[in-house]
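This is what each chain is made of:
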Amino acid sequence: MKFAVVGGTAFLADNAVFYGLKLTVLEPKPVTAKVIAVLVATIVSYVLNREWSFRTRGGRERRHEAALFFLVSGVGLVLSSVPLWISRYVFLLETPDVSLVTQEIADFVSAQVIGTLIAMVFRFWAFRKWVFPDEEARSGGVRLAPTPDSTEEAA
């Protein structure tokens, strides 16, 4: 649930930056606007995930954890941008080939719905597997591996 709240917050940051740039200074470059928006949302996501969602997981040195987080997020950035690129440059869903309304709907669906969902599923899996892997690692919890004797006694 916490991951979903963080994702929702990052989604709002992504949308605000994406549309702020796409409708102003980067109007002719929507994929560039999307990449910048995802970078901003990634920073928001890192801080919130590290300090709240996965607070009891991880245990790595912060630099190593951050490097893994941003590496995974870089893959997520590509995954979230590809549907917009395909929409614009493969399907040619941009003006003057289509109406402005069609272009904007296609941009929203491809970038903000499809791209975000694909990247979200990937990031959730990758964060749990590689970035914040061990539950309770930061809370001081110690996990002991079972010894051969203890597994035989339980049987």
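Everything that follows concerns the structure shown earlier in this document.
Thresholds, definitions, all that
- Residues numbered from 1 in each chain as written.
- Predicted model: local features only at pLDDT ≥ 70, side-chain atom pairs only at ≥ 80, totals over all residues.
- Heavy atoms only, no water.
- Helix = DSSP H or I, 4+ residues; strand = E, 2+ residues; numbered from the N terminus.
- Expected span 1.5 Å × (residues − 1).
- Bend = angle between axes of the 7 residues up to and from the residue.
- Contact = heavy atoms within 4.5 Å.
- Phe/Tyr/Trp six-rings, centres within 6.5 Å; stacked < 30°, edge-to-face > 60°.
- Buried < 20%, exposed > 50% of the residue type's maximum accessible area, 1.4 Å probe, protein only.
- Core = buried A, V, L, I, M, F, W, Y, C linked by side-chain atoms within 4.5 Å.
- Patch = residues over 30% accessible without salt bridge, like charges linked within 9 Å, V, L, I, M, F, W, Y side chains within 5 Å.
- Areas by Shrake-Rupley, 256 points an atom, 1.4 Å probe, with all protein chains shown as cover.
- Salt bridge = Lys/Arg side-chain N within 4 Å of Asp/Glu carboxyl O.

A. Here's a closer look at helix α4 (residues 100–131). With 32 residues, α4 should reach 46 Å at 1.5 Å per residue; the first-to-last C-alpha distance of 41 Å falls well below that figure. Its axis deflected by about 30° at Thr116, α4 carries its strongest bend there.

B. Representation of the environment of Leu93. Along the chain, Leu93 turns up in the loop between α3 (62–90) and α4. Taking the C-alpha atoms as reference points, Leu93 and Ala106, 13 residues apart in sequence, are found 6.8 Å from one another. Discounting residues that sit within four places of it in the chain, Leu93 has contacts with Ser87, Arg88, Val98, Gln103 and Ala106.

C. Inspection of the packing of aromatic side chains at higher detail. Tallying each qualifying case throughout the model produces eight aromatic pairs. Their ring planes at 45° and their centres at 5.5 Å tell us that Tyr46 and Phe70 sit as a pair that is tilted. Here the residue Tyr46 occupies a position in helix α2 (residues 30–53), and Phe70 occupies one in helix α3, the gap between them amounting to 24 residues. Overall, the relative accessible area of 11% leaves Tyr46 in the buried class. For Phe70, a relative accessible area of 36% gives the class partly exposed. Note on Phe69 and Phe127: the rings are 4.4 Å apart at their centroids and 15° apart in plane angle, and the pair reads as stacked. With Phe69 in helix α3 and Phe127 in helix α4, the pair connects residues that are 58 residues apart, well separated along the chain. Exposure remark for Phe69: the relative accessible area of 0% places this residue in the buried category. When its relative accessible area of 1% is taken as the criterion, Phe127 is described as buried. Three or more aromatic residues link up through ring pairs in this structure, and these residues are Tyr46, Phe69, Phe70 and Phe127.

D. Layout of the nonpolar core. Counting residues in hydrophobic clusters, the biggest one holds eleven residues: Phe3, Tyr46, Phe54, Ala66, Leu68, Phe69, Val72, Ala126, Phe127, Val131 and Phe132. Elements supplying a minimum of two residues to this core: α3 and α4. When residues in this core are grouped by element, the largest group, four residues, is from α3. Excluding residues within four positions of it along the chain, Phe127 makes contact with Phe3, Asn49, Phe54, Phe69, Val72, Ser73, Phe132 and Pro133. If you look at the next biggest cluster of nonpolar residues, it comprises eight residues, including Leu21, Leu26, Val31 and Leu84.

E. Structural view of a nonpolar patch on the surface. Residues Val101, Ile105, Phe108, Val109, Val113, Ile114, Leu117, Ile118, Met120 and Val121 make up a contiguous nonpolar surface patch of roughly 830 Å² in combined accessible area. Inspection of the secondary structure puts Val109 in helix α4.

F. Looking closely at unusual backbone geometry. Between Thr95 and Pro96 the backbone carries a cis peptide bond, its omega angle lying at 5°. Along the polypeptide, Pro96 turns up in the loop between α3 and α4. In this structure, Leu92 takes a positive phi of about 55° despite not being glycine. Take Leu92: it is sitting in the loop between α3 and α4. Classification of Leu92 as partly exposed rests on a relative accessible area of 42%.

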